[in-house]
Amino acid sequence: MTKTDSAVTATQSGSLIRGWPALLVTVSVALAAIYSFSHRPPPEFPVTRVHADSLLVNTLAQQGERYLAAGEQGRILYADQPDGDWLEAKVEPQRHSTLTALAFVAPDVALAVGHDSWILRSSDRGQSWREVHFASDRSEPLLGISGPYDGKLFAYGSFGQFMVSTDLGEHWQTVPLVDEDAATDAATDGGEVDVTSPDYDPFAAYTAGGGGGGGIDERHLNGLIQAADGTLWLVGERGLLAQSRNGGDSWKRVDGVYSGSFFGILELPQGAGLVVYGMRGNVFFSRDGGRSWTQSRVQVPVSVFDGALAADGSVILAGSGDVILQSKDQGASFQLVSQKDRRGIAAVLPLADGSWLTGGEAGIKRQTPGFGAQRTDGQ
């Protein structure tokens, strides 16, 4: 090798050594670009925790240690203890229609219903929900869900909406409400509605011509249970109290108990009777399977929107003005046991320690016996 060749080789080696930093930068940029455009799973964001006292809640449900709440804007919350943390459930698609009722229909299966005849189903104890029914052309709400009774689930609501599912809520069919007393409607309907009457029902869907009659299929349906003897009981507006002994195929009304809205009905433990509740503190009980009804003594005349049986067998009712009422004599009388503020309660769940989980205008609250603001009964 000549001196010239050696010089050239040395020059090339020096240039290569001096070029390594640039080469490293180029390689780094290339690798970064490859990494940036490579497929990677999305990051796992923490589950959204919500302020449970800032949501209008219409309904509560419980299965074991799982608690559910739902209400405005189609939102559903879940928690594993009554004090939270309350987490936001996944709803697909999210229609933002108000939800009105929740129910567990199997250990892991829950259903929710609401406006626009919206029905949602969850198979993971309420953490995620999918739509199984929606009627965009019908804005009237479904107001309740009950069952399964003898293999049937019932969803019901305004203007006689009545739907049945026989597969735990996967599919639904609208069925007619057969009113055994429809022939008498013409005789009871007619006349103008007197809005000054103490029995005037602001929750009722009166016809344009007035009239307090109308068949079952014209009224808002608010509650449905199955008694121990297999009889179905259905309650609703304008004093609707009806029973079915054939699984809901037809209904016979029990008229004359009360002319205002009934919001729910309960069966007492050990077949001790039935309790039905509604507007302005109008509560009635029956000891003979619904053949006759007696008005309960209620300490405060406020509308009660939800009821439940406590672990000790007492009857709990809750409603407007943050009122919670309790009966320890199987519905014959109710005493005011809690009122902390004036915001209404739409749903109540008695807890094992004697407190209650409530949902309403103040969101989700755990309440204990006692009083805060001025009591409704003036004491």
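Residues numbered from 1 in each chain as written. Predicted model: local features only at pLDDT ≥ 70, side-chain atom pairs only at ≥ 80, totals over all residues. Heavy atoms only, no water.

1. Considerations on the overall build of the protein
From N to C terminus, the protein includes two helices and 30 strands. Scored against the burial criterion, the 379 residues of the protein give a buried share of 49%. Per element, the accessible surface of the protein, about 18300 Å² overall, is 53% carbon and sulfur. (Helix = DSSP H or I, 4+ residues; strand = E, 2+ residues; numbered from the N terminus. Buried < 20%, exposed > 50% of the residue type's maximum accessible area, 1.4 Å probe, protein only. Areas by Shrake-Rupley, 256 points an atom, 1.4 Å probe, with all protein chains shown as cover.)

2. Thoughts on the nonpolar core
Counting residues in each nonpolar core, the largest one holds 47 residues, and the members touching the most others are Phe162, Leu224, Trp233, Leu241, Trp251 and Trp293. Here Trp293 is in contact with Trp233, Leu241, Val254, Val257, Ile265, Leu274, Val276, Phe284, Phe285 and Ser286, once residues within four sequence places are set aside. (Core = buried A, V, L, I, M, F, W, Y, C linked by side-chain atoms within 4.5 Å. Contact = heavy atoms within 4.5 Å.)

3. Focus: the packing of aromatic side chains
Two measures describe an aromatic ring pair: the distance that separates the ring centres and the angle between the ring planes. Inspection of every chain in the model, using the stated rule, returns eight aromatic pairs. Both rings, one in Phe162 and one in Trp251, keep their centres 6.1 Å apart while their planes meet at 85°; by these two values the pair is edge-to-face. Here Phe162, found in strand S12 (residues 162-165), pairs with Trp251, found in the loop between strand S16 (241-244) and strand S17 (252-253); they are 89 residues apart in sequence, far enough to count as distant. Side by side, Phe162 and Trp251 carry an identical accessibility label, which is buried. Across the ring face of Phe134, the terminal group of Arg95 is positioned such that the distance to the ring centre comes to 4.0 Å. (Phe/Tyr/Trp six-rings, centres within 6.5 Å; stacked < 30°, edge-to-face > 60°. Lys NZ or Arg CZ within 6 Å of the ring centre and 35° of its normal.)

4. Focus: the side chain of Thr59
Secondary-structure assignment places Thr59 in strand S1 (residues 57-63). At 2.9 Å, the side chain of Thr59 and the backbone nitrogen of Leu102 are in polar contact. Setting aside anything within four residues of it in sequence, one finds Thr59 in contact with Leu68, Ala69, Ala70, Thr100, Ala101, Leu102 and Ala347. (Polar contact = N/O pair within 3.5 Å; in protein donor to acceptor, adjacent residues only side chain to side chain.)

5. Concerning the environment of Ala112
Counting through the fold element by element, Ala112 comes out in strand S7 (residues 110-114). Apart from the residues lying within four places of it in its own chain, the contact partners of Ala112 are Ile76, Leu99, Ala101, Leu102, Trp118, Ile119, Leu120 and Trp129.

6. With respect to the pattern of salt bridges
Per the counting criterion, the structure on display carries 16 salt bridges. When the shortest N-O distance is used, the salt bridge between Glu170 and Arg121 registers 3.2 Å. With Glu170 in the loop between S12 and strand S13 (173-174) and Arg121 in strand S8 (residues 119-122), this pair connects stretches of sequence that are 49 residues apart. On the accessibility criterion, Glu170 (25% relative accessible area) is partly exposed. Of the charged contacts, one joins Asp353 and Arg366 as a salt bridge, the two residues approaching to 2.5 Å between their closest N and O atoms. Taken together, the residues span a long stretch of sequence, with Asp353 in the loop between strand S27 (345-350) and strand S28 (356-360) and Arg366 in strand S29 (residues 363-367) at a distance of 13 residues. Members of the salt-bridge network, linked through shared partners, are Asp322, Asp341, Arg343 and Lys365. (Salt bridge = Lys/Arg side-chain N within 4 Å of Asp/Glu carboxyl O.)

7. Some remarks on the sheet that holds S8
Neighbouring strands of a sheet are bound in pairs by backbone hydrogen bonds; such pairs are parallel or else antiparallel. Strand order in the open sheet formed by five strands is S5-S9-S8-S7-S6, with mixed pairing between adjacent strands. The outermost strands of the open sheet, each flanked by one partner alone, are strand S5 (90-92) and strand S6 (99-104). The mean angle between the axes of side-by-side strands here comes to 25°, regardless of whether they run parallel or antiparallel. As paired strands, S6 and S7 are joined by five bridges and run antiparallel to one another. (Pairing = 2+ DSSP bridges. Axes fitted to C-alpha atoms, helices over the stretch in contact; angles between N-to-C directions.)

8. Comments concerning the sheet that holds strand S2 (residues 66-71)
Spatial ordering of the open sheet is given by S1-S2-S3-S4, a layout of four strands whose pairing is antiparallel. Only two strands of the sheet have a single partner each, and these edge strands are S1 and strand S4 (87-88). With two bridges connecting them, strand S3 (residues 76-79) and S4 associate as antiparallel partners. If you follow Leu77 over to S4, its bridge partner there is Glu88.

That is the geometry; function is a separate question.
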